[in-house]
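Observations on the three-dimensional arrangement
Each chain, letter by letter, is given below.
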Amino acid sequence: MTTTAPLGTEEQTGSPAAPADGRRTALSRIRTGNGLVFVLPFLLVFGLFMVWPIVQGLWMSLTDSSLALRDTSFVGFDNYTEAFGDPDVWSSLGNTVFFTVVSSVPLVLVALAMALLVHSGLAGQWAWRLSFFAPYLLPVTVVTMIWTWLYQPELGMANQLLDTLGMEPVGWLSDESVAMWSVAALTVWWTVGFNFLLYLAALQSLPTTFDEAAALDGAGAWRRLWSITLPQLRRTTGLVAMLQVLASLKVFDQIYILTKGGPNGSTRPVLEYVYDVGFTGYRLGYASAISYLFFALIVIVSLVQLRLFRRED
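Model, not experiment: these values are computed from the prediction. (Residues numbered from 1 in each chain as written. Predicted model: local features only at pLDDT ≥ 70, side-chain atom pairs only at ≥ 80, totals over all residues. Heavy atoms only, no water.)

**Quick look at the overall build of the protein**
The test is simple: Numbering goes from the N terminus for both helices and strands, where a helix is a DSSP run of H or I of at least four residues and a strand is a run of E of at least two. The globule rule used here is 2.2 Å times the number of residues to the 0.38 power, and the radius of gyration it is set against is calculated over C-alpha atoms.
When its secondary structure is counted, the protein shows 14 helices and zero strands. Along the protein, from the amino end to the carboxyl end, the secondary structure elements read α-α-α-α-α-α-α-α-α-α-α-α-α-α. Taken over the C-alpha trace, the protein has a radius of gyration of 29 Å; the compact-globule value for 313 residues is 20 Å, which it surpasses by more than 25%. Its C-alpha atoms give the protein principal-axis dimensions of roughly 120 × 75 × 35 Å.

**Brief notes about the environment of F196**
Stated precisely, the cut-off is as follows: Note on contacts: a residue pair is in contact if any heavy atoms of the two residues lie within 4.5 Å.
Relative to the elements of secondary structure, F196 occurs in helix α8 (residues 179-205). The spatial distance from the C-alpha of F196 to the C-alpha of V118 is 9.7 Å, given a sequence separation of 78 residues. With near-sequence residues (within four places) excluded, F196 lies in contact with A111, M114, A115, V118, R129 and F132.

**Description of the packing of helix α4 (residues 87-119) against α8**
Cut-off, in case you're wondering: Helix axes are fitted to C-alpha atoms over the stretch in contact, other axes to C-alpha atoms as well, and angles between N-to-C directions run from 0 to 180 degrees. To sort the angles, those under 35 degrees are grouped as roughly parallel, those over 145 as roughly antiparallel, those from 65 to 115 as roughly perpendicular, and the leftovers as oblique. In this scheme, a crossing is called left-handed if the near helix is turned counterclockwise away from the far one by less than a right angle; it is called right-handed if the turn is clockwise. Charged residues are taken to be Asp, Glu, Lys and Arg, nonpolar residues to be Ala, Val, Leu, Ile, Met, Phe, Trp, Tyr, Cys and Pro, and polar residues to be all remaining types, Gly included.
Two elements in contact, α4 and α8, have axes whose closest approach is 6 Å; the angle formed by their N-to-C orientations is 40°. The orientation of α4 with respect to α8, classified from their angle, is oblique. For α4 against α8, the interelement crossing comes out right-handed. The residue makeup of the contact of α4 with α8, split by class, is 23 nonpolar, seven polar and no charged.

**A word on the side chain of T144**
The test is simple: Buried residues are those whose accessible area, probed at 1.4 Å on protein chains only, stays under 20% of the maximum for their type, while exposed residues exceed 50% and partly exposed ones sit between those limits. By the criterion applied in these results, polar contacts are pairs of N or O atoms within 3.5 Å in which, for protein atoms, one can donate a hydrogen and the other can accept it, and in which residues neighboring in sequence qualify only through two side-chain atoms.
Looking at the secondary structure, you find T144 in helix α6 (residues 140-150). Taking relative accessible area as the criterion, T144 reaches 2% and is therefore assigned buried. Only 2.9 Å separates the side chain of T144 from the backbone oxygen of T141, close enough to count as a polar contact. Excluding its chain neighbours within four sequence positions, the residues that come into contact with T144 are L186, Q254, I257 and L258.

**As for the packing of α8 against helix α11 (residues 234-249)**
Relative to each other, α8 and α11 sit at 165°, their axes nearing to 10 Å. The orientation of α8 relative to α11 falls into the category roughly antiparallel. Our pair here, α8 against α11, has a crossing hand that is right-handed. Taking contact as the criterion, the partners of N195, L198, Y199 and A202 in α8 are, on α11, T236, T237, V240, L243 and Q244. Of the residues contributing to the contact of α8 with α11, the split by class is five nonpolar, four polar and no charged.

**Some details on the pattern of salt bridges**
Rules: We define a salt bridge as a side-chain nitrogen of Lys or Arg found within 4 Å of a carboxyl oxygen belonging to Asp or Glu.
Applying the stated criterion across every chain yields a total of three salt bridges. For R268, the salt bridge identified is with D88, shortest N-O distance 3.8 Å. Pair noted here: R268 is in the loop between α12 (253-258) and α13 (270-280) and D88 is in helix α4, with a separation of 180 residues, a long-range link. For D88, a relative accessible area of 33% translates into the label partly exposed. The salt bridge involving R268 is made with D276; its shortest N-O contact spans 3.8 Å.

**Digging into unusual backbone geometry**
A cis amide bond links G262 with the next residue in sequence, P263, at an omega value of -5°. The backbone of K260 sits at a positive phi, close to 55°, despite the residue not being glycine. Residue classification places K260 among the exposed positions, given a relative accessible area of 52%.

**Notes on α6**
Defined as follows: Arc definition: it is the arc formed by the directions from the helix axis to the C-beta atoms.
Among the residues of α6, those classed as buried are V140, V143, T144 and W147. Buried residues in α6, looked at end-on, bunch into an arc of 95°, giving them a common side. Looking at the packing, one finds that the buried side of α6 touches α8 and α12.

**Quick word on the environment of Q305**
Note on placement: Q305 falls in helix α14 (residues 284-312). Separated by 276 residues in sequence, Q305 and R29 place their C-alpha atoms 41 Å apart. Sequence-distant contacts of Q305, defined by excluding residues within four places in its chain, comprise A241, M242 and V245.

**Topic: the confidence of the model for the protein**
Here is the rule we go by: Confidence scores labelled pLDDT are given residue by residue by the predictor and lie between 0 and 100.
Chain-level statistics for the protein give a pLDDT mean of 87 and a share of 92% at 70 or above. Every residue in residues 5-15 is under pLDDT 50, and counting partners more than four places away or in other chains gives one contact.

**Quick notes on the environment of N195**
Turning to its location among the elements, N195 is positioned in helix α8. Contacts of N195, omitting those with residues within four sequence positions, involve L107, A111, V240 and Q244.

**Quick notes on the packing of aromatic side chains**
Under the convention used in this document: The rule is short: rings of Phe, Tyr and Trp, with Trp giving its six-membered ring, pair when the centres are within 6.5 Å, and they are stacked under 30 degrees, edge-to-face over 60, tilted in between. Whether a charge sits over a ring comes down to the Lys NZ or Arg CZ being within 6 Å of the ring centre and within 35 degrees of the ring normal.
Scanning the entire structure with this criterion turns up 15 aromatic pairs. Their ring planes at 70° and their centres at 5.4 Å tell us that Y256 and Y275 sit as a pair that is edge-to-face. With a gap of 19 residues between them, Y256 in helix α12 and Y275 in helix α13 connect regions that are remote in the sequence. In this structure Y256 comes out as partly exposed when scored by relative accessible area, which is 24%. Classification of Y275 as partly exposed rests on a relative accessible area of 31%. Ring pairing ties together the aromatic residues W147, Y151, W172 and W189, which thus form one cluster. Its end group placed over the ring of Y256, K260 keeps NZ or CZ at 5.1 Å from the ring centre.

Structure, rendered in structure tokens:
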């Protein structure tokens, strides 16, 4: 005697589910293909203008490539060895680190002070925001032209102010001990507006409950600032500090236009030395090696900063 399986038993077995799995797999492949079609233009542009130049530059750093010679030969790590023993590399690196320190610290602290001032409800906030952020919108050529006039030895406003105070004039761009500080002052005035906006946005997003509760408990304004506001800005401060250090390490434009690395190389950063070696000395291979060593340094600094911020969190 034979029996027939009740209706719906096939749905409980594994074989009828196979077509459904197959349909899901086919649908997933179609979606993946459609996604690749949309991503492909970006991948082509990214590979052409980012990946390929990086690979080509890395290969160039292993050769004696030159603008003056057509033929190039493979030299291995000779360029890197020469860079480690080049005193000009170390001096320009020292200038870069010094500029990073003297510019990054005020760019964080001054931006925070400006944001707190505006966030406190100061009258005419739109004017303060405009005046703080407007310099950041200026191109580097305009900024350097303005500050060149300010630093002019005889007629510049900086020395005229010192003369009014009865002080001796200063060679803002001609004195080796002052020139880098002058570039740092220009950079702070020019770029502090971006950090100011980051801090202001963070302040406006902070919850007011803690501050109000502390005020009800009798805490003063300074106490609330140090114990409530600043701790809540720790992540923003870490972000601003990391972005500013990376930006300062890559300084080039304002120094090249303002001082050309002078006087006597006291303001020449690494990137300007790379430019001088590659396009003035025609040694593209050696310039590429220096730039990749500097790139490795930036990566190390970034990783150290991220590690420190994670520990604080």
